[in-house]
Amino acid sequence: MLNSSFDTASPSSMSNMSGRWDFGGEKEPLMHRIHAYPAKFPAFITQKAVAHARERGVEVKRIADVFCGCGTTALEAKRLNTDFWGCDINPVATLIARVKRNDYQKTRLEHYLADILRSYARRHRLHYSPYLKDDRLNYWFDEGTILELSRVKAAIDTVPEGKYHDFFLCAFSNILKPTSKWLTKSIKPQVDPDKKPVDVLPAFEGQVALMIKALNEVSEQPGKPTKKAASIIVTGNILEMDFAEPMVDLIVTSPPYVTSYEYADLHQLSSLWLGYTDDYRKLRTGTMGSLYHDSDFNRDIKNLNATGYGIVFQLYDVDRRKAKATARYFADLLKTVRQCVKLLNPGGMLLFVIGNTEYKGVKIDNADYLLSCLVDEGFCEIESTKRAISSKILTPYRDARGKFTTDTTSRKVYAEEFVVTGRC
Ligand SMILES: C[S@@+](CC[C@H](N)C(=O)[O-])C[C@H]1O[C@@H](n2cnc3c(N)ncnc32)[C@H](O)[C@@H]1O
């Protein structure tokens, strides 16, 4: 049943700008900023979600994030000493999330760092690296930088596999864009011809120092728990997972937007250097919201409810490729909701942070569609609340390369999004 104040409203008006989800009460721990990540949500959402669920009588023992990204929910669940289950299709995401959630001994980190620096120094005569043969890497890095990065990577690989190795790989991953020609902060992969990439070793050492500082900050928090909460973070496609039985009380997540971010493309430097793939395009497979899906439009459209169908139908008139990608995205969003039903214990709560977009005058109302899916799948106590996104700048339009533009026929990005909740 929908929240009573919304019972008679049309789905798109089932929201209010209460301000409840707009701001957090504390500064985000540095640990949330150890690695850049596109479309990360604010950490306070998890804290507020737990309070919101508890106020409504949910006993929150384990939290999940089915699109865990760089581990914002994972880390917040740790700070609340709560068990966590998370998944993401992209291995770069789960690497960062695991590192944020893990505990480390400072002395062991310092010991391994000293080993890495010694091993790096021993490789000063390195003149060849297999990475030099990779055309894609040659596109982003000059030869000297590839050799320098190869020295650091080989030195990191002397650390035994496991969480300490992951820690240094995560540090390495976050220096790849600054040491390359990648246009800083761009959400589309593009070369900046005027960029002067930063030097590899100082960037790596600075990044490790920042991560150790972040760890100290988290471990110095008052009220350190006596019992350690458990965490499982898996790399995989949420749509294809089997869940034998329900296992979580609260899901806090934010799905990808349709055709806004190509995560596989954005993580290409890390996935190539860390050996997750030999061709980053392979990692697009299964990624929700990607424009590169082979979609079966007729099948997808059949699975849509009236809300989804209405949006796709309007888009079809202005851009068929976009309409097909949106139909696929909506079908995947419905599957996600069904997977959440399997994951949630009876009475458990789901919370999605989801935004809308507009394309060539057609509003892609993802929040409205999600609401309709929750209704169709039998959720109760459904609520939708608008929240302001503080970081959005004046013009809300983006061009095909993802840059802000004043062209009002381009893709519109709203300065607000929705927090949608419901109970099983
Ligand atoms: C909006 S981001 C989540 C960001 C996250 N809340 C954070 O703070 O880092 C959406 C994530 O969904 C992941 N994703 C896309 N398709 C997926 C799928 N089929 N299964 C699991 N994860 C997927 C992307 O890799 C991306 O990390």
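Reading guide: rules and limits
Residues numbered from 1 in each chain as written. Predicted model: local features only at pLDDT ≥ 70, side-chain atom pairs only at ≥ 80, totals over all residues. Heavy atoms only, no water. Buried < 20%, exposed > 50% of the residue type's maximum accessible area, 1.4 Å probe, protein only. Helix = DSSP H or I, 4+ residues; strand = E, 2+ residues; numbered from the N terminus. Near = heavy atom within 4 Å. Polar contact = N/O pair within 3.5 Å; in protein donor to acceptor, adjacent residues only side chain to side chain. Nonpolar A, V, L, I, M, F, W, Y, C, P; charged D, E, K, R; others polar. pLDDT = per-residue confidence, 0-100. Contact = heavy atoms within 4.5 Å. Pairing = 2+ DSSP bridges. Right-handed = clockwise from strand over helix to strand, strands pointing away. Core = buried A, V, L, I, M, F, W, Y, C linked by side-chain atoms within 4.5 Å. Domains from an automatic or database assignment. Phe/Tyr/Trp six-rings, centres within 6.5 Å; stacked < 30°, edge-to-face > 60°. Lys NZ or Arg CZ within 6 Å of the ring centre and 35° of its normal. Salt bridge = Lys/Arg side-chain N within 4 Å of Asp/Glu carboxyl O.

**Q** An account of helix H14 (residues 366–376) is needed here, citing residue identities and associated values.
**A** Counting buried residues along H14, 9 of its 11 residues qualify, which places the element largely inside the surrounding structure. At the C-terminal side of H14, Gly-378 shows a positive phi close to 85 degrees.

**Q** Would you mind going over the site of the ligand in detail, with residue names and values included?
**A** Among the 23 residues in the neighbourhood of the ligand, the closest are listed as Tyr-37, Thr-72, Asp-88, Asn-237 and Met-288. Within the contact set of the ligand, a nitrogen atom lies 3.2 Å away from a side-chain nitrogen or oxygen of Ser-254. Each residue belonging to the shell around the ligand can be placed in one class, and the counts come to 13 nonpolar, 8 polar and 2 charged.

**Q** I'd like a rundown of the confidence of the model for the chain, residues and numbers included.
**A** The predicted coordinates ought not to be read in detail in places where the model reports low pLDDT. Summary statistics for the chain give a mean pLDDT of 89 and a share of 88% for residues scoring 70 or more. Note that pLDDT drops below 50 for residues 1–13; the model gives that stretch 19 contacts with residues more than four away or on any other chain.

**Q** Give a detailed account of the side chain of Thr-421, specifying residues and quantitative values.
**A** Mapped onto the elements of the fold, Thr-421 is located in strand S10 (residues 411–423). The class for Thr-421 is buried, based on a relative accessible area of 3%. The contacts of Thr-421, once residues within four sequence positions are left out, are His-52, Leu-350, Leu-351, Leu-374, Glu-381, Ile-382 and Glu-383.

**Q** Describe the pairing of strand S1 (residues 62–65), listing the residues and the values that go with them.
**A** In terms of strand pairing, S1 meets strand S2 (residues 83–88) through 4 bridges, oriented parallel. Across the sheet, the residue bridging to Arg-62 is Asp-83, located in S2. In terms of handedness, the path from S1 via helix H2 (residues 72–79) over to S2 forms a crossover that is right-handed. In this structure, S1 lies alongside strand S4 (residues 248–253), joined through 2 bridges in parallel fashion. The partner of Ile-63 across the bridge, within S4, is Leu-250.

**Q** So what's going on with the nonpolar core? Residues and values would help.
**A** In terms of nonpolar packing, the biggest core is built from 56 residues, with Phe-141, Phe-167, Phe-168, Phe-172 and Phe-204 touching the most fellow members. Looking at this core, the elements with two or more residues in it are helix H3 (91–101), helix H4 (106–122), helix H5 (135–140), helix H6 (143–156), helix H7 (163–175), helix H8 (200–219), helix H9 (263–266) and helix H10 (268–273). For this core, the element with the most residues is H8, which contributes 10 residues. Counting residues domain by domain, this core receives three or more from each of domain 1 (4–90 + 234–423) and domain 2 (106–219). Residues in contact with Phe-172, not counting those within four places in the same chain, are Leu-149, Val-152, Lys-153, Ile-156, Phe-204, Trp-273 and Leu-274. Among the nonpolar cores identified, the runner-up in size contains 45 residues, and Phe-243, Ile-364, Ala-367 and Phe-379 belong to it.

**Q** So, the packing of aromatic side chains: which residues are in play, and what are the values?
**A** The tally for this structure, following the rule as stated, stands at 16 aromatic pairs. Pairing Tyr-37 with Tyr-263 gives two aromatic rings, centres 6.2 Å apart and planes at 25 degrees, and the pair type is stacked. Pair noted here: Tyr-37 is in the segment before helix H1 (44–55) and Tyr-263 is in helix H9, with a separation of 226 residues, a long-range link. The same class applies to Tyr-37 as to Tyr-263, namely buried. Aromatic side chains Phe-297 and Tyr-316 sit 5.5 Å apart centroid to centroid with 5 degrees between the ring planes, which places their arrangement in the stacked category. In this pair, Phe-297 is assigned in helix H11 (residues 297–302) and Tyr-316 in helix H12 (residues 306–318), connecting sequence segments 19 residues apart. Given the relative accessible area of 17%, Phe-297 is considered buried. Looking at Tyr-316, the relative accessible area reads 28%, which means it is partly exposed. By the ring-pair criterion, three or more aromatic residues cluster together here, those being Tyr-104, Tyr-112, Tyr-164, Phe-167 and Phe-168. Its end group placed over the ring of Tyr-292, Arg-284 keeps NZ or CZ at 3.6 Å from the ring centre.

**Q** Any chance you could break down the environment of Asp-242 for me, citing the residues and the numbers?
**A** Tracing the chain through its elements places Asp-242 in the loop between strand S3 (231–235) and S4. Looking at Asp-242, the relative accessible area reads 76%, which means it is exposed. Each C-alpha atom, one on Asp-242 and one on Lys-342, is 8.8 Å from the other, the two residues being 100 residues apart in sequence.

**Q** Quick rundown of the pattern of salt bridges? Include the residues and the values.
**A** According to the stated counting rule, one finds 23 salt bridges in the structure shown. Between Glu-28 and Lys-40 there is a salt bridge, with the nearest N and O atoms lying 3.6 Å from each other. Remark: Lys-40 occurs in the segment before H1 and Glu-28 occurs in the segment before H1; sequence separation between them is 12 residues. Using a relative accessible area of 25% as the deciding quantity, one classes Glu-28 as partly exposed. A salt bridge links Asp-157 to Lys-153; its shortest N-O distance comes to 2.7 Å. Since its relative accessible area comes to 38%, Asp-157 is described here as partly exposed. The structure contains a network of salt bridges with shared partners spanning Arg-20, Glu-55, Arg-56 and Glu-383.

**Q** Break down the pairing of S2 for me, with residues and values.
**A** In terms of burial, S2 is largely enclosed, as 6 of its 6 residues are buried. Alignment of S2 against S3, held across 5 bridges, turns out to be parallel. Bridge pairing in S3 places Cys-87 opposite Val-234.

**Q** Go over the side chain of Gln-339 with me, naming the residues and quoting the values.
**A** Along the chain, Gln-339 falls in helix H13 (residues 320–343). Relative accessible area serves as the criterion here: at 5%, Gln-339 is assigned to the buried category. Leaving out residues up to four positions away in the same chain, Gln-339 has contacts with Ile-238, Leu-239, Glu-240, Met-241 and Phe-243.

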